[in-house]
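# Coordinates in review
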Amino acid sequence: MKTFHVEVMNESEEELITKILENLKQKGMINFFEDHNDAASNKPVSASEEQVQEIIDEAELGPYYSEKEAKNILNL
């Protein structure tokens, strides 16, 4: 089984696309649902202090810059 993400490019065509998908679902060919979590998944999540330290360590900025300077360089 494959899973696809369908993004309707033109809002005026959304109703037509939905009807096509519903028709295929009624025939038992596909199963589909509207994903309401998509907007929430695009929100940035703050990194924990431990994650910030790990990023600074991976960038090898610790020996050369203060923690504040490293955060500014890495936009953290």
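It is worth spelling out the pattern of salt bridges at this point. Tallied over the full model, the rule gives three salt bridges. In this structure, K71 engages E49 in a salt bridge whose closest nitrogen and oxygen atoms are separated by 3.5 Å. Here K71 is found in helix α4 (residues 67-73), whereas its partner E49 is found in helix α3 (residues 49-58), with 22 residues between them in sequence. Note that K71 and E67 form a salt bridge whose closest N and O atoms lie 3.3 Å from each other.

Next up on the list: the environment of E60. When you line up the elements, E60 lands in the loop between α3 and α4. The class for E60 is exposed, based on a relative accessible area of 58%. The spacing of E60 and P44 is 16 residues in sequence and 24 Å in space, taken between C-alpha atoms.

The next point concerns the packing of aromatic side chains. This model, assessed by the stated rule, comprises zero aromatic pairs. Lying over the aromatic face of F32, K25 brings its terminal NZ or CZ to 5.7 Å of the ring centre.

Definitions and limits used
- Residues numbered from 1 in each chain as written.
- Predicted model: local features only at pLDDT ≥ 70, side-chain atom pairs only at ≥ 80, totals over all residues.
- Heavy atoms only, no water.
- Salt bridge = Lys/Arg side-chain N within 4 Å of Asp/Glu carboxyl O.
- Helix = DSSP H or I, 4+ residues; strand = E, 2+ residues; numbered from the N terminus.
- Buried < 20%, exposed > 50% of the residue type's maximum accessible area, 1.4 Å probe, protein only.
- Phe/Tyr/Trp six-rings, centres within 6.5 Å; stacked < 30°, edge-to-face > 60°.
- Lys NZ or Arg CZ within 6 Å of the ring centre and 35° of its normal.

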